[in-house]
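What follows is the residue order along each chain.
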Amino acid sequence: MVWLLLFPMIIIPYSDTVVLPFVSLLLLMYVVIIKSSNIYLKIISIIILGCVTSFIYFLKPSSIIPFIAICVMGILKIRKLKIKNVLLMLLLAVSLCSSYAIIKIGLNSQDYIKIDANYKMPMTHFIEMGMKGQSGSYDQASVDAMKSSNKKKKEKYIKSHIKETLTNRGWLGYIKFLLTKQGYNTADGTFGWLKEGNFIGNSSKDKPNIFKEYLYPDGKYLYDFKFIAQFIWLIGLVILLLGFNDRRYFVQVLRLSLIGAFVFLLIFEGGRSRYMIQFLPAIIMLITLLWDTSMQNLKRINDVLFNKENIISD
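Scope of this entry: the structure provided in the associated data block. Here the structure is a predicted model, which is why all the values come from computation and not from measurement. (Residues numbered from 1 in each chain as written. Predicted model: local features only at pLDDT ≥ 70, side-chain atom pairs only at ≥ 80, totals over all residues. Heavy atoms only, no water.)

1. Focus: the overall build of the protein chain
Turning to step 1, where the next piece is worked out: Looking only at helices and strands, the protein chain features 14 helices and 0 strands.
Turning to step 2, where the next piece is worked out: Counting from the amino terminus, helix and strand elements in the protein chain follow one another as α-α-α-α-α-α-α-α-α-α-α-α-α-α.
Turning to step 3, where the next piece is worked out: In terms of its C-alpha atoms, the protein chain occupies a principal-axis envelope of roughly 75 × 60 × 55 Å.
Turning to step 4, where the next piece is worked out: Contacts spanning at least 24 positions in sequence make up 73% of the contacts within the protein chain whose residues lie at least 6 apart.
Turning to step 5, where the next piece is worked out: Element-wise, carbon and sulfur atoms account for 68% of the exposed surface of the protein chain, whose accessible area totals about 19600 Å².
Turning to step 6, where the next piece is worked out: Placing the 37 positive and 20 negative side-chain charges of the protein chain at their respective mean positions leaves the two points 9 Å apart. (Helix = DSSP H or I, 4+ residues; strand = E, 2+ residues; numbered from the N terminus. Contact = heavy atoms within 4.5 Å. Areas by Shrake-Rupley, 256 points an atom, 1.4 Å probe, with all protein chains shown as cover. Lys, Arg positive; Asp, Glu negative; His and termini not counted. Charge placed at Lys NZ, Arg CZ, Asp CG, Glu CD.)

See below:
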C-alpha cells in the first residue's frame, strides 16, 4: 500500500489500476483458504473468493488469470478427493456462478447506460490487433473497423487480417515478432508513464511540489523518476529469474499466474508495459517470496565466478 502511494499510474481512473485491490483480495482469500485450519474462516474466504472473482471478470476479464492459475494448480495437486474438499469446491462453484448471475442480471436490467450489443467488439478483434505492427499494441484502424453494427462484416475483417498477417510474417517471422513483443510487454519500469494519453495537462510550475517535479511532463526530476523506476523493475526481474528453483506451492501458483499473464499479452492486444499493472499484486508477492532464494543463488554465482578457491577445486 505504501508502494502504491509512490506509483503514479494509481491516479488514473482506469481498469488497470482500479482492479488492483480486488486482485489483491483474491490472492488474500486464497492464502487464507490454504493456510487456515479454521473451517468457518475457510468457508467465508471461499465465498468471498467466488464473489470477487466474478466482479473482477466484469471489471477486467484478463485479471482473473491468477484465479485460473489457482484452479490449474489445484487440479494438478489432486491425488485423492476427500469429501470435505469436494464440498468446499462445490461451495466455490456456487459462489462463483451465483455472483456472476447476479452481476449479469444487474447489468442487463440497468437503464443508466443504454447498451447496443450489435456494437460489441468480438474477442478475436483483440487477437487480430495483438498481431499487428511492431508490437501488437492498440491499432486505430482495427478499432474503427469494429464500429460497424454488422457482425459478419466485423468477423470478415478480423479473419482476413489475421490470415494476411500470418501469411506476410510466416511462422518463423511470427515467432520472432512474439519474442520482440514480450520485450515491449515487460521492458518499461515506469509502465508507460506519460507515453500515451493526455491526462496531465498542467505544468509542474503551477503550485509546485516534489511529486509534480518527479512525475509531470515538465518536471525537474522526471528522468530521475524514470531511472529509479527502471532500476527497481530490473532488480525485480532479476529476483524472479534467480528464484527459479523455489518450488513452494504458493510460489508456483504465483509463477503460473505470471506465465499466464505473459501468454495472454502475447496473444491479445499488448505491446506496452502498462498492461502488466493488473498483475502487479502477484508480481510483488512473488518477488518478496523469492528474495531469499534469489540471494542464495546470487551468492553461489558470486562464489563460482570470483572465489578462486572454488574455481581451483572445481
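2. So, the pattern of salt bridges
Turning to step 1, where the next piece is worked out: Tallied over the full model, the rule gives 9 salt bridges.
Turning to step 2, where the next piece is worked out: A salt bridge links Asp303 to Lys299, with the shortest nitrogen-to-oxygen separation between them at 3.4 Å. Taken together, the positions of Asp303 and Lys299, both in helix H13 (residues 280-306) and 4 residues apart, correspond to about one turn of that helix.
Turning to step 3, where the next piece is worked out: Look at the salt bridges and you will find they share partners, linking Asp16, Lys60 and Arg274 into a network. (Salt bridge = Lys/Arg side-chain N within 4 Å of Asp/Glu carboxyl O.)

3. What about unusual backbone geometry?
Turning to step 1, where the next piece is worked out: The residue Phe191 is not glycine, and still its phi comes out positive at about 55°.
Turning to step 2, where the next piece is worked out: By the secondary structure assignment, Phe191 is in the loop between helix H9 (151-186) and helix H10 (210-215).
Turning to step 3, where the next piece is worked out: Judged by its relative accessible area of 3%, Phe191 falls in the buried class.
Turning to step 4, where the next piece is worked out: One non-glycine residue, Lys207, lies in positive phi territory at about 50°.
Turning to step 5, where the next piece is worked out: Tracing the backbone through its elements, the reader meets Lys207 in the loop between H9 and H10.
Turning to step 6, where the next piece is worked out: For Lys207, a relative accessible area of 69% corresponds to the exposed category. (Buried < 20%, exposed > 50% of the residue type's maximum accessible area, 1.4 Å probe, protein only.)

4. Structural notes on the packing of helix H12 (residues 249-267) against H13
Turning to step 1, where the next piece is worked out: At their nearest, the axes of H12 and H13 sit 9 Å apart, and the two run at 140° to each other. The angle between H12 and H13 falls in the class oblique. Relative to H13, the crossing made by H12 is left-handed. Residues Phe250, Val251, Leu254, Arg255, Ser257 and Leu258 of H12 touch H13, and the partners they reach there are Ala282, Ile283, Met285, Leu286, Leu289 and Leu290.
Turning to step 2, where the next piece is worked out: Across the contact of H12 with H13, the residue classes tally to 10 nonpolar, 1 polar and 1 charged. (Axes fitted to C-alpha atoms, helices over the stretch in contact; angles between N-to-C directions. Parallel < 35°, antiparallel > 145°, perpendicular 65-115°, else oblique. Left-handed = near helix turned anticlockwise from the far one by under 90°. Nonpolar A, V, L, I, M, F, W, Y, C, P; charged D, E, K, R; others polar.)

5. Digging into H12
Turning to step 1, where the next piece is worked out: Along its 19 residues, H12 runs 27 Å from first to last C-alpha, staying within 8% of the 27 Å computed at 1.5 Å per residue.
Turning to step 2, where the next piece is worked out: Looking at the buried side of H12, the elements it contacts are helix H3 (20-35), helix H5 (65-77), H9, helix H11 (222-242) and H13. (Expected span 1.5 Å × (residues − 1).)

6. Re the nonpolar core
Nonpolar side chains in soluble globular proteins generally cluster together in the buried interior.
Turning to step 1, where the next piece is worked out: If you look at the biggest cluster of nonpolar residues, it comprises 50 residues, and the most contacted ones within it are Leu26, Trp193 and Ile283.
Turning to step 2, where the next piece is worked out: In this structure, Leu26 is in contact with Leu49, Val52, Thr53, Ile56, Pro66, Phe67 and Ile70, ignoring residues within four places of it in sequence.
Turning to step 3, where the next piece is worked out: In terms of nonpolar packing, the next biggest core, distinct from the first, is built from 7 residues, Met131, Met146, Tyr157 and Phe177 among them. (Core = buried A, V, L, I, M, F, W, Y, C linked by side-chain atoms within 4.5 Å.)

7. Some details on the packing of aromatic side chains
Turning to step 1, where the next piece is worked out: One pass over the structure, following the stated rule, counts 11 aromatic pairs.
Turning to step 2, where the next piece is worked out: Taking 5.8 Å as the distance between ring centres and 25° as the angle between the ring planes, the aromatic pair formed by Tyr174 and Phe177 counts as stacked. Of this pair, Tyr174 and Phe177 both sit in helix H9, 3 residues apart, roughly one helical turn. For the pair formed by Tyr174 and Phe177, the shared burial category is buried.
Turning to step 3, where the next piece is worked out: Through a chain of ring-to-ring contacts, three or more aromatic side chains come together here, namely Phe7, Phe191 and Trp233.
Turning to step 4, where the next piece is worked out: Over the ring of Tyr249 we find Lys77, and its NZ or CZ is 4.5 Å from the ring centre.
Turning to step 5, where the next piece is worked out: The ring of Phe177 has Arg169 sitting right over it, with the charged end atom 4.0 Å from the ring centre. (Phe/Tyr/Trp six-rings, centres within 6.5 Å; stacked < 30°, edge-to-face > 60°. Lys NZ or Arg CZ within 6 Å of the ring centre and 35° of its normal.)

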